[in-house]
Amino acid sequence: MSRSAHPAGPRHADVLTDGHYSAPPADLNALDPKVWAHTVGRDADGAVTVGGLPVTRLAEEYGTPAYILDESDFRERARAWRTAFGADADVFYAGKAFLSRAVVRWLHEEGLNLDVCSGGELATALSAGMPAERIAFHGNNKSPEEIERAVAAGVGRIVLDSFQEIVRVAHTAQALGKRQRVQIRITVGVEAHTHEFIATAHEDQKFGIPLASGQAAEAVRRALQLDGIELIGIHSHIGSQIFDMSGFEVAAHRVVGLLKDIRDEHGVELPEIDLGGGLGIAYTSDDDPREPHEIAKALTEIVTRECESARLRTPRISVEPGRAIVGPTAFTLYEVGTVKPLDGLRTYVSVDGGMSDNIRTALYDAEYSVALVSRTSDAEPMLARVVGKHCESGDIVVKDAFLPGDLAPGDLIAVPATGAYCRSMASNYNHVLRPPVVAVRDGEARVIVRRETEEDLLRLDVG
Ligand code: LLP
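Residues numbered from 1 in each chain as written. Predicted model: local features only at pLDDT ≥ 70, side-chain atom pairs only at ≥ 80, totals over all residues. Heavy atoms only, no water.

Caption draft 1: Region of interest: the overall build of the protein. The helix and strand tally for the protein stands at 12 helices and 23 strands. At 24 Å, the protein has a C-alpha radius of gyration in line with the 23 Å of a compact globule built from 463 residues. The C-alpha extent of the protein, read off along each of the three principal axes, is 75 × 50 × 45 Å. For the protein, with 463 residues in total, the buried portion stands at 54%. Carbon and sulfur atoms form 48% of the exposed surface of the protein, whose accessible area is close to 19700 Å². (Helix = DSSP H or I, 4+ residues; strand = E, 2+ residues; numbered from the N terminus. Rg over C-alpha atoms; globule rule 2.2 N^0.38 Å. Buried < 20%, exposed > 50% of the residue type's maximum accessible area, 1.4 Å probe, protein only. Areas by Shrake-Rupley, 256 points an atom, 1.4 Å probe, with all protein chains shown as cover.)

Caption draft 2: Layout of the packing of helix 4 (residues 119–127) against helix 5 (residues 144–153). Packing of helix 4 against helix 5 brings their axes to within 10 Å, and their N-to-C directions diverge by 25°. Taken together, the axis directions place helix 4 and helix 5 in an arrangement best described as roughly parallel. You can see that helix 4 and helix 5 cross each other, and the crossing is left-handed. From helix 4, Gly119, Leu122, Ala123 and Leu126 reach across to helix 5, where they touch Glu146, Arg149, Ala150 and Ala153. (Axes fitted to C-alpha atoms, helices over the stretch in contact; angles between N-to-C directions. Parallel < 35°, antiparallel > 145°, perpendicular 65-115°, else oblique. Left-handed = near helix turned anticlockwise from the far one by under 90°. Contact = heavy atoms within 4.5 Å.)

Caption draft 3: Spatial organisation of the packing of helix 7 (residues 215–225) against helix 8 (residues 246–266). Taken N-terminus to C-terminus, the directions of helix 7 and helix 8 make an angle of 50°; their axes are 11 Å apart at the nearest point. Taken as axis vectors, helix 7 and helix 8 run oblique relative to one another. Once helix 7 is placed against helix 8, the crossing between them reads as right-handed. In this structure, helix 7 uses Ala216, Ala217, Val220, Arg221 and Leu224 to contact helix 8, whose residues at the interface are Leu258, Ile262, Glu265 and His266. Its residues placed into classes, the contact of helix 7 with helix 8 shows 6 nonpolar, 1 polar and 2 charged. (Nonpolar A, V, L, I, M, F, W, Y, C, P; charged D, E, K, R; others polar.)

Caption draft 4: The packing of aromatic side chains, seen in detail. The final tally for this structure, using the stated rule, is 5 aromatic pairs. Measuring from ring centre to ring centre gives 5.8 Å for tryptophan 81 and phenylalanine 85, while their planes differ by 5°; the resulting arrangement is stacked. Placement of both tryptophan 81 and phenylalanine 85 in helix 2 (residues 71–85) is noted, with a separation of 4 residues, approximately one turn of the helix. The class for tryptophan 81 is buried, based on a relative accessible area of 2%. Summarising the aromatic geometry, the rings of tyrosine 283 and tyrosine 368 are spaced 5.1 Å apart at their centres and angled 75° between planes, so their arrangement reads as edge-to-face. Taken together, the positions of tyrosine 283 in the loop between strand 14 (272–274) and helix 9 (292–309) and tyrosine 368 in the loop between helix 11 (360–364) and strand 18 (371–372) put the pair 85 residues apart, joining distant regions of the chain. Here the two residues tyrosine 283 and tyrosine 368 agree in accessibility, since each one is buried. Each residue in the set Phe74, Tyr93 and Trp106 is aromatic and connected to the rest through ring pairs, giving one cluster. (Phe/Tyr/Trp six-rings, centres within 6.5 Å; stacked < 30°, edge-to-face > 60°.)

Caption draft 5: Representation of the layout of surface pockets. Considered as a void within the structure, the second largest pocket measures approximately 420 Å³ in volume. Along its surface, the second largest pocket is lined by 19 residues, and Arg77, Pro289, Arg290, Glu291 and Pro292 are the ones closest to its centre. Every element with two or more residues in the lining of the second largest pocket is listed here: helix 2 and helix 9. Ranked by residue count, the leading element in the lining of the second largest pocket is helix 2, at 5 residues. (1 Å grid on protein atoms, 1.4 Å probe; cavity = no way out; pocket = protein on both sides within 12 Å on 5 of 7 lines; lining within 4 Å. Points joined across faces, edges and corners; volume = space filled by probe spheres on them.)

Caption draft 6: The pairing of strand 8 (residues 157–160), seen in detail. What you see with strand 8 is no split at all: Arg157 and Val159 on one side and Ile158 and Leu160 on the other are buried throughout. Pairing between strand 7 (residues 135–137) and strand 8: 2 bridges, direction parallel. Residue pairing across strands places alanine 136 opposite arginine 157, the latter belonging to strand 8. Pairing between strand 8 and strand 9 (residues 180–187): 3 bridges, direction parallel. Bridge assignment links isoleucine 158 to a residue of strand 9, and that residue is valine 182. Between the parallel elements strand 8 and strand 9, the chain passes through helix 6 (residues 163–175) in a crossover that is right-handed. (Pairing = 2+ DSSP bridges. Right-handed = clockwise from strand over helix to strand, strands pointing away.)

Caption draft 7: Geometry of the domain arrangement of the protein. Domain assignment breaks the protein into domain 1 (41–70 + 328–460) and domain 2 (138–321). Distance between the C-alpha centres of domain 1 and domain 2: 36 Å. Each partner contributes residues to the interface: domain 1 has 6 residues there, and domain 2 has 4 residues. Summed over both partners, the interface of domain 1 with domain 2 buries about 530 Å², with 54% contributed by carbon and sulfur atoms. Between the two partners, domain 1 and domain 2, sit 0 salt bridges. Our count for the domain 1 to domain 2 interface comes out at 2 residue pairs in polar contact (both at pLDDT 80 or more). The residue makeup of the side of domain 1 that touches domain 2, split by class, is 3 nonpolar, 1 polar and 2 charged. (Domains from an automatic or database assignment. Buried area = accessible area lost by both parts, 1.4 Å probe. Salt bridge = Lys/Arg side-chain N within 4 Å of Asp/Glu carboxyl O. Polar contact = N/O pair within 3.5 Å; in protein donor to acceptor, adjacent residues only side chain to side chain.)

Quick look at the structure:
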């Protein structure tokens with residue numbers, strides 16, 4: 001082994017990319033319940049099981065790569081959010097995290113509402129029977145056609161994101177002989193990422209109407225004058241993968257401040273506020289997400305307190321979790337191909353997917369965990385990087401990982417917590433086919449989104 005790459009001479013297994021020294025986990029066969037779906041375990045042969053089915057069987061039947069989604073876990077998480085917020089609040093699942101017709105039906109059955117942000121998401125929701133009044137329509141650049149479809153379908157609310165849109169939705173609704181319920185999305189001037197909370201510059205972005213400049217108040221003035229729309233509330237979404245509630249606290253304070261100004265200026269108490277989504281999940285054992293009931297308690301308390309001090313009736317609260325519901329419920333199952341040890345550096349483990357099924361590592365430097373799932377192993381840990389089959393070196397799925405040193409082509413490995421923003425952001429880069437989503441529950445599996453085929457690709461290419 002060459003030592004030249006590491007002049008300081010760290011042990012091969014101890015140095016990670018950014019120079020941190022990290023010991024491998026005590027037991028590479030252990031599966032941290034924080035990052036794996038609820039029904040994940042190992043069978044007597046050492047293969048990982050989910051919903052009572054071994055991944056080896058799932059791989060045989062459905063091929064790899066595949067997103068394996070634990071339906072009962074999804075339902076439990078959806079229900080936990082619903083129960084935590086109770087009858088006086090609404091939970092809108094953010095469809096952008098992952099949407100399919102099966103998911104829409106589960107949400108419907110579990111009593112959740114749905115946030116969509118494109119004509120495609122709206123079509124999926126409606127085609128699976130989600131009642132239109134339980135749908136919120138979002139987006140910073142809704143097309144006239146999308147607005148017309150949403151109004152005509154009778155969606156419960158449209159979240160307005162610009163001055164043009166206020167007028168456009170009002171006119172569209174009037175033309176259709178309707179009065180559309182709307183919220184106005186504002187930017188409250190906080191930026192919240194993971195556990196950071198930076199109170200600068202957040203208004204300098206494409207979403208929402210800034211509060212501090214007075215534009216949000218002006219938007220409310222205009223909305224209240226138009227007959228085609230009924231302003232029911234104010235919306236704020238402060239970011240994603242947030243663990244720290246302080247950003248929500250500031251947001252609630254400022255949204256309630258606007259409600260108070262609206263009451264003082266117009267004599268109107270708006271009945272609803274939406275605090276958006278963004279609650280974090282565990283991608284690795286280092287992440288400690290909050291439970292829905294803690295989040296519900298914290299948000300309800302903040303809003304109630306702020307409203308009491310502003311002498312306002314407490315509005316109906318809604319939230320829009322996406323990742324926190326679907327994220328932990330799925331893992332991506334891959335087959336190991338090339339295993340390439342680089343002396344003095346690490347071992348590159350290539351899988352049969354990559355950045356086309358998980359762009360988050362390349363795009364956000366996201367961290368993931370990974371485990372050997374087709375068997376257990378007592379081999380020494382090796383420092384690895386899990387990479388895909390695409391033609392670029394940034395095609396990384398898991399940047400720093402410890403895997404058993406005897407890992408070999410044909411083994412199955414899985415990356416947990418890929419339920420959110422992986423299938424929904426998947427691409428056909430290099431004409432690689434997008435994997436299926438296989439839902440498992442009580443010993444049964446079914447494909448809810450099928451694997452793409454070369455025929456699908458060629459059908460779009462009309463020559
Ligand atoms: N509501 C609104 C208005 C949003 O814009 C979003 C996410 C959500 C709710 C749901 O947020 P969640 O609870 O899922 O964090 N592609 C990125 C995430 C983009 C989030 C965009 N908006 C990622 O992979 O991390």
